[in-house]
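Understanding the architecture of this molecule
What follows is the residue order along each chain.
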Amino acid sequence: QVLLVESGGGLVQAGGSLRLSCAASGRTFSQYVMGWFRQAPGKEREYVGGISWSGGSTYYVDSVKGRFTISRDNTKNTVYLQMNSLKAEDTAVYYCAARRFGELTRIYYDYWGQGTQVTVSS
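The present account deals with the structure reproduced in this document. (Residues numbered from 1 in each chain as written. Predicted model: local features only at pLDDT ≥ 70, side-chain atom pairs only at ≥ 80, totals over all residues. Heavy atoms only, no water.)

Okay, the overall build of the chain next. Helix and strand counts for the chain stand at 0 helices and 11 strands. A compact globule built from 122 residues would reach a C-alpha radius of gyration of about 14 Å, and the chain, at 13 Å, matches this within 12%. Seen through its C-alpha atoms, the chain measures out along the principal axes to roughly 40 × 25 × 25 Å. In the chain, buried positions account for 45% of the 122 residues. Surface summary for the chain: the accessible area is close to 6400 Å², and the carbon and sulfur share equals 48%. Here the chain holds 13 positive side-chain charges and 9 negative ones, and the gap between their average locations is 5 Å. (Helix = DSSP H or I, 4+ residues; strand = E, 2+ residues; numbered from the N terminus. Rg over C-alpha atoms; globule rule 2.2 N^0.38 Å. Buried < 20%, exposed > 50% of the residue type's maximum accessible area, 1.4 Å probe, protein only. Areas by Shrake-Rupley, 256 points an atom, 1.4 Å probe, with all protein chains shown as cover. Lys, Arg positive; Asp, Glu negative; His and termini not counted. Charge placed at Lys NZ, Arg CZ, Asp CG, Glu CD.)

On to the packing of aromatic side chains, then. Scanning the model with the defined rule gives 7 aromatic pairs in all. On the numbers, 6.0 Å between centres and 25° between planes, the contact of tyrosine 47 with tyrosine 59 is stacked. Placement of tyrosine 47 in strand E5 (residues 46–51) and of tyrosine 59 in strand E6 (residues 58–60) is noted, with a sequence separation of 12 residues between them. Classification of tyrosine 59 as partly exposed rests on a relative accessible area of 27%. Here the aromatic cluster, defined as three or more aromatic residues joined through ring pairs, consists of Phe37, Tyr47, Tyr59, Tyr109 and Trp112. The positively charged end of arginine 45 is found above the aromatic ring belonging to tyrosine 95, 4.2 Å away from the centroid. The ring of phenylalanine 29 has arginine 72 sitting right over it, with the charged end atom 4.5 Å from the ring centre. (Phe/Tyr/Trp six-rings, centres within 6.5 Å; stacked < 30°, edge-to-face > 60°. Lys NZ or Arg CZ within 6 Å of the ring centre and 35° of its normal.)

This part is about the environment of glycine 26. Mapping glycine 26 onto the fold places it in the loop between strand E3 (18–24) and strand E4 (33–39). The spatial distance from the C-alpha of glycine 26 to the C-alpha of valine 48 is 24 Å, given a sequence separation of 22 residues.

Let us look at the pairing of strand E8 (residues 78–83). For a regular strand, the rule is simple: side chains alternate between the two faces of the sheet. Across the 6 residues that make up E8, a large majority, 5, are buried. Here strand E7 (residues 68–73) pairs with E8 via 6 bridges, running antiparallel. Across the sheet, arginine 72 pairs through a bridge with valine 79, a residue of E8. Between E7 and E8, which pair antiparallel and follow one another directly, the connecting turn spans 4 residues, one of which, asparagine 77, has a positive phi of 55°. (Pairing = 2+ DSSP bridges.)

Mapped onto the elements, glutamate 6 comes out in strand E1 (residues 4–7). On the basis of relative accessible area, glutamate 6 is assigned to the buried category, the value being 5%. Counting along the chain gives 51 residues from glutamate 6 to serine 57, while the straight-line C-alpha distance between them is 21 Å. If near-sequence neighbours (up to four positions away) are discounted, glutamate 6 is found in contact with Ser21, Cys22, Trp36, Tyr94, Tyr95, Cys96, Gly113, Gln114, Gly115 and Thr116. (Contact = heavy atoms within 4.5 Å.)

Okay, structure coming up:
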């Protein structure tokens, strides 16, 4: 089992940037595929993207492609979500998630963090 804790959320103006972090417990972090999701008020949870064990492969949904970057540091048991050119529609609670196996395009993850709020003012 892995415990996930997100941080870095906050209020930012449209066009600005924010970096979220997700710290994971355990000594096997490098064996987990990591993903980011978001949920806006009144909407279903949306998959943002994922990163492979090594960090060598990433996947993004079209709505964030070119603006968001997922990276990881396995020595720090941390995955990051760098968000640039933020828009009001990016406002949501952002969650990190983990699973052991599967393609990055899959949206099913086993472990979840508690979420961090990102609010983009227009």
